[in-house]
Amino acid sequence: RPPRSTPKPSSAASDVYKRQTLASESLPLCGLKILSVEFYGAGPFCSQYLSTFGADVIKIENSTQGGDFARTTGPNSLGPEDSLYFQSFNQGKRSLSLDLKDKKGKEVLHRLVAKSDVITNNLRGDKPEQLGLTYSVLKEVNPKIVCTHLSAYGRNNERSAWPGFDYLMQAEAGWMELTGEIGSNPQRAGLSLVDYMTGMNNLFAIMMGVFYVRIFGQGCDFDVSLLDTAIFQLSYPALWSLNEQYDLSRQPRSAHPESTPSQLVRTKNGWIFLMCQTEKFWKVFCELMDEPSLTENSEYQTMADRRRRREQISEELDQIFLKHTTEEWLERFQGKIPVAPINDLRQALENPFIRKQGMIQKIDHPTKPEMQVLSNPIKWNQERITSHPGPHNVGENTQAILREFGFSEAEISELQVEGVV
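Within every chain, residues take consecutive numbers counted from 1 along the sequence as written. Owing to the predicted nature of the model, reporting of local features is limited to residues with pLDDT of at least 70; listing and counting of side-chain atom pairs is limited to 80 or more, with chain, interface and lining totals taken over all residues. Working from all heavy atoms in the structure, the side-chain values ignore hydrogens and water.

A few points about a nonpolar patch on the surface
Right, so step 1: A cluster of nonpolar side chains, contributed by Phe211, Tyr212, Ile215 and Phe216, occupies part of the molecular surface with about 430 Å² of accessible area.
Right, so step 2: Labels follow the DSSP assignment, with helices taken as runs of H or I lasting at least four residues and strands as runs of E lasting at least two, numbered in each case from the N terminus. For Tyr212, the position within the fold is in helix H9 (residues 193–216). What goes into a patch is any residue over 30% in relative accessible area without a salt bridge, connected to like charges within 9 Å or, for nonpolar side chains (Val, Leu, Ile, Met, Phe, Trp, Tyr), within 5 Å. Each accessible area is a Shrake-Rupley result for a 1.4 Å probe, and residues are judged covered by the shown protein chains and nothing else. For this analysis, a salt bridge means a side-chain nitrogen from Lys or Arg found within 4 Å of a carboxyl oxygen belonging to Asp or Glu.

Overview of the pattern of salt bridges
Right, so step 1: Within the structure shown, the criterion is met by 21 salt bridges.
Right, so step 2: A salt bridge links Glu279 to Arg306, with the nearest nitrogen and oxygen atoms 2.9 Å apart. One end of the pair, Glu279, is in helix H12 (residues 279–289); the other, Arg306, is in helix H14 (residues 303–308), with 27 residues separating them in the sequence.
Right, so step 3: Of the residues examined, Glu279 reaches a relative accessible area of 38% and is grouped as partly exposed. Only protein chains enter the calculation, and the probe is 1.4 Å; a residue is then buried if its accessible area is under 20% of its type maximum, exposed if over 50%, and partly exposed in between.

A few points about unusual backbone geometry
Right, so step 1: Note the cis peptide between Thr260 and Pro261, where omega equals -5°.
Right, so step 2: Secondary-structure assignment places Pro261 in the loop between helix H11 (235–244) and strand E7 (262–266).
Right, so step 3: Residues other than glycine seldom take positive phi values, yet Arg253 does so here, at roughly 60°.
Right, so step 4: Counting through the fold element by element, Arg253 comes out in the loop between H11 and E7.
Right, so step 5: Accessibility expressed as a relative area gives 18% for Arg253, which makes it buried.
Right, so step 6: With a phi close to 65°, Gln382 is a non-glycine residue in the positive phi region.

Here we look at the side chain of Thr326
Right, so step 1: By the secondary structure assignment, Thr326 is in helix H16 (residues 326–333).
Right, so step 2: Excluding residues that lie within four positions of it along the chain, Thr326 makes contacts with Thr267, Asn269, Gly270, Trp271, Ile272 and Pro341. The contact criterion used throughout is that any non-hydrogen atoms of two residues lie within 4.5 Å.

Some words on the confidence of the model for the protein
Right, so step 1: Values of pLDDT, ranging from 0 to 100, describe the predictor's confidence in every residue of the model. When pLDDT is averaged along the protein, the result is 93; 94% of the residues meet or exceed 70.
Right, so step 2: Across residues 1–13, where pLDDT falls below 50, the model places 31 contacts with residues more than four positions away in sequence or in other chains.

Structural notes on the side chain of Asn142
Right, so step 1: Following the sequence through the fold, Asn142 ends up in the loop between helix H6 (135–138) and strand E5 (146–151).
Right, so step 2: Of note is the side chain of Asn142, whose polar atom sits 3.0 Å from the backbone oxygen of Ser116. In protein, a polar contact requires one atom able to donate a hydrogen and another able to accept it; more generally it is a pair of N or O atoms within 3.5 Å, and residues adjacent in sequence count only if both atoms are side-chain atoms.

Describing the environment of Ala205
Right, so step 1: One can find Ala205 in helix H9.
Right, so step 2: Residue classification places Ala205 among the buried residues on the basis of a relative accessible area of 3%.
Right, so step 3: On a C-alpha basis, the gap between Ala205 and Thr148 in space is 7.0 Å, while along the polypeptide they are 57 residues apart.
Right, so step 4: Once residues within four sequence positions are removed from consideration, Ala205 is found in contact with Thr148 and Phe222.

Below, the structure written as structure tokens:
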């Protein structure tokens, strides 16, 4: 192979990592070392939680393939190997360039595994076995290593070699047929919820594995898949269908299948979502509305009564709510009954309450000072954890990581010349 040099981190990137290391020393996961063979969304979504709370997440990328292809997804305004999409999922991590298909690359991996706590991947289901990322292989190197595998359809089954993404799971698991207005085409959720929930399942698996090692002194494998997660999220509608042959269908106005009114309601200048989930909230709602057509109607006395007359109630509510703006209705209701405005993306991000809660923070990215990012939703001791930018270039931390794991300068140089790192 032709010689290839590992990109050197900029001084700005090095300074960021030094500050990050100092800041992580008191965080809950300080000292936990994670190797992650990951790309795109679900796996990185998981490991970013770990890095945010102090774990040293080493992101293994193959530079001959351009690294994580999230680096070139969406507006690529941060550099040729960096993007806002990539930074959404990779804050606080370090990047190691390594060819896992190479024999020497596997030897490097084993030396890393020997001093790590976890190795996680979100590869196609047949790849972990091919690359030797399973516990059956790695236990010979480190019997305490925890191996987690996130894939589309799982491992060791007839679909293990199938590629798969979030939207496919929403389709096959029935989500799309349950989403949207009656009579409209099947619709996906506006966000990649299956990816994110599977990432959280993987996070839970990692922490269970770490706890298992603490108790029993040996590692293990965990598997999570997109399709399993999507099916599991069917929750109570699945049990209704399995046990009572009651199949949930789409509801008008995105309404709750049982509680009424719990739905979209049209206002003078837009929409709000009203949720009278209990008899208590219906009573408070009626008192606040002071509308005889609602309070004195004997047909609306119970939840079952109102559910049977959902269309009728919707028409009445439209007539009433069209008299005032969304803002006026919110001022009347907020804090008394469950209600929320229907915001677009920009309105949601500019919400003063969200800003006051610290859900958006600025971080010092090497090419975009004061880059705005979303804060982790988990508070620690009632405080938000400060984020740090993800690796700006593929493999920018390779040399530093290898030194930390005991590689000599001669070994590093040889691996670089041979194109292994």
